[in-house]
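Take a look at the letters that make up each chain.
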Amino acid sequence: MTEYKVQSPVLFIVFNRPGTTQQVFDRIRAVKPSRLYIAADGPRAGRPDDEAGCAEVRRIVQNVDWDCEVKTLFSEVNKGCKIAVSDGITWFFDNEEEGIVLEDDCLPATSFFAFCDQMLDRYRHHDRIFHIAGTNKQFGKQWGEGSYYFSGYLNVWGWASWRRVWRQYDRNLDRYTDAGAEAALKKVMKDRFLVSDWLYIFRKLKSGEINTWDYQFNFLAFFEGGLSIAPNVNLITNIGFGTGSTHTHADKPDPFAFMPIGEMPMPIVHPASIVPQTEADAAFLRKEHHLDARWKSYNSPGKRIVRWYKRTFEGKKDL
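Residues numbered from 1 in each chain as written. Predicted model: local features only at pLDDT ≥ 70, side-chain atom pairs only at ≥ 80, totals over all residues. Heavy atoms only, no water.

Caption draft 1: Highlighting the layout of surface pockets. Approximately 460 Å³ is the volume found for the second largest pocket. Lining the second largest pocket we find 21 residues, and of these K187, V188, M189, T278 and D281 sit closest to its centre. For the lining of the second largest pocket, the elements supplying multiple residues, two or more each, are α6 (178-188), α8 (214-224) and α9 (278-288). A per-element tally of the lining of the second largest pocket places α9 first, with 5 residues. Here the lining of the second largest pocket is composed, by residue class, of 11 nonpolar, 4 polar and 6 charged. (1 Å grid on protein atoms, 1.4 Å probe; cavity = no way out; pocket = protein on both sides within 12 Å on 5 of 7 lines; lining within 4 Å. Points joined across faces, edges and corners; volume = space filled by probe spheres on them. Helix = DSSP H or I, 4+ residues; strand = E, 2+ residues; numbered from the N terminus. Nonpolar A, V, L, I, M, F, W, Y, C, P; charged D, E, K, R; others polar.)

This is how it looks when you write it as structure tokens:
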């Protein structure tokens, strides 16, 4: 698909990286949304490079040369990832019933927009569908017979959703308890390391030690049984790894960095039923959490002897 005019409103979330911002903005310009929302965090104190970067980014995203209603939410102070991004998304869904969300490092294929348009329309009133993903982390593995499958994980490298879902979002996880989180995680994850990792994340989020917004969105799905629509071809590549990134650093090799993108074949083929592909989720989470290496270490003879000793003589339980 080389040309397409997107039907849904688009939210573009930016900060201080002109290079990636320009690339993503050019893809947005190509599909000419009639309503474009732009949310930008302010420069960090004591960072003169931020002043220049933020100013250039704001110049780039206001270069709208097609027929479009543009709304901006530009912060003069730095709110940080957690507050700035979630505030921007809340602002967007306060104004729109549904729409597409792109951050400044999530470069979409053209058919990402067509895919989101069709899925937003088809599942608009389906309460169990929370989210439409653009990212596929399956490295060519197809799940099911359709153009997409259903996932229990909400990947936010390019996505779309509805106001009906976002209004349930709980930035500080105030509605949830530690015991409730553990019970919910054990329902959706079978691997003990995964449950342990996500419970650790939950506790750090509750204590305010993790400055991000997206884990909370996934916890909403975990707690409420929400599903994501995941394409069977990757429609987004994250170009933000490396210098200047907030969470995707060059010194931390990531198998999902700069993944190649394809185009969604049209017409879209719909799955026969709404059933989550739990094996698909397990496959990419195994890579993301390095589970193979961790289980290999866990089952090594030395570690097994240590666990036996602790059970036998110290009364301690295994992981």
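Caption draft 2: Main features of the nonpolar core. Grouped together as the largest cluster of nonpolar side chains are 87 residues, with contacts concentrated most on W213 and F217. Every residue in contact with W213, bar those within four places of it in the chain, is listed here: C81, K82, V85, S86, I89, E103, V156, W159, W166 and Y169. (Core = buried A, V, L, I, M, F, W, Y, C linked by side-chain atoms within 4.5 Å. Buried < 20%, exposed > 50% of the residue type's maximum accessible area, 1.4 Å probe, protein only. Contact = heavy atoms within 4.5 Å.)

Caption draft 3: Region of the structure containing the environment of N16. With respect to the secondary-structure elements, N16 resides in the loop between β1 (10-14) and α1 (18-31). In this structure, the C-alpha to C-alpha distance between N16 and F219, residues 203 residues apart in sequence, is 28 Å. With residues up to four places along the chain from it excluded, the contact list for N16 reads R44, D50, G53, C54, V57 and D104. A distance of 2.9 Å separates polar atoms of two side chains, one belonging to N16 and the other to D50. (Polar contact = N/O pair within 3.5 Å; in protein donor to acceptor, adjacent residues only side chain to side chain.)

Caption draft 4: Fine view of helix α3 (residues 80-95). With 16 residues, α3 should cover 22 Å at 1.5 Å per step; its first-to-last C-alpha distance of 23 Å lies within 8% of that length. Here α3 has its buried residues at G80, C81, K82, A84, V85, S86, G88, I89, W91, F92 and F93. (Expected span 1.5 Å × (residues − 1).)

Caption draft 5: Looking closely at empty space enclosed by the protein. Considering all chains together, one arrives at 1 cavity of 30 Å³ or more under this definition. Considered as a void within the structure, the largest cavity measures approximately 100 Å³ in volume. Surrounding the largest cavity, 13 residues form its lining, T135, Y149, S151, A230 and F284 being those nearest its centre. For the lining of the largest cavity, the secondary structure elements donating two or more residues are β7 (148-151), β9 (227-231) and α9.

Caption draft 6: Quick peek at unusual backbone geometry. Residue P267 is reached from M266 by a cis peptide bond, and omega for that bond is 0°. Structurally, P267 can be placed in the loop between β10 (236-238) and α9. Even without being a glycine, F258 presents a positive backbone phi close to 55°. Tracing the chain through its elements places F258 in the loop between β10 and α9. What makes F258 partly exposed here is its relative accessible area of 47%.

Caption draft 7: Quick look at the environment of F193. Tracing the chain through its elements places F193 in helix α7 (residues 192-206). Spatially, the C-alpha atoms of F193 and H290 are 9.7 Å apart, while their sequence positions differ by 97 residues.

Caption draft 8: Expanded view of the sheet that holds strand β4 (residues 98-103). Ordered by their spatial adjacency, 8 strands build an open sheet running β3-β2-β1-β4-β8-β6-β9-β7, and the pairing between neighbours is mixed. A strand with exactly one partner marks an edge of an open sheet, and here the two such strands are β3 (69-74) and β7. Strand after strand, the sheet turns through a mean of 25° between neighbouring axes, direction not considered. One ladder, built from 3 bridges, connects strand β6 (residues 129-133) with β9; its direction is parallel. Bridge pairing in β9 links H131 to S228. Strand contacts of helix α4 (residues 110-122): β1, β4, β6, β7, β8 (159-162) and β9, with the helix running at about 145° to β4, the strand carrying the most contacts. (Pairing = 2+ DSSP bridges. Axes fitted to C-alpha atoms, helices over the stretch in contact; angles between N-to-C directions.)

Caption draft 9: Main features of the state of the cysteines. Evaluation of the coordinates by the stated rule reveals 0 disulfides. As a non-bridged cysteine, C68 has C116 as the owner of its nearest cysteine sulfur, 17 Å distant. No disulfide involves C81; its sulfur sits 11 Å from the nearest other cysteine sulfur, which is in C106. A relative accessible area of 18% means that C81 is categorised as buried. (Disulfide = S-S within 2.5 Å.)

Caption draft 10: Layout of the packing of aromatic side chains. Under the definition given, this model contains 33 aromatic pairs. Centre to centre, the rings of Y37 and F92 are 5.1 Å apart; their planes meet at 75°, and the pair counts as edge-to-face. Here Y37 is found in strand β2 (residues 35-40), whereas its partner F92 is found in helix α3, with 55 residues between them in sequence. Note on Y37: relative accessible area 2%, which makes it buried. A residue is classified by how much of its surface remains accessible, and F92, at 0% relative accessible area, is buried. Judged by centre distance (6.1 Å) and plane angle (35°), the rings of F219 and F223 are tilted. One end of the pair is F219 and the other is F223, both in helix α8 and 4 residues apart, which spans about a single turn. Taken together, the ring pairs connect F139, Y153, Y176, W198, F202, Y215, F219, F222, F223, F256 and F284 into an aromatic cluster. Of note, K137 hangs over the ring of W157, and the distance from its end group to the ring centre comes to 4.4 Å. If you follow K137 out to its NZ or CZ, it ends over the ring of F256, 4.7 Å from the centre. (Phe/Tyr/Trp six-rings, centres within 6.5 Å; stacked < 30°, edge-to-face > 60°. Lys NZ or Arg CZ within 6 Å of the ring centre and 35° of its normal.)

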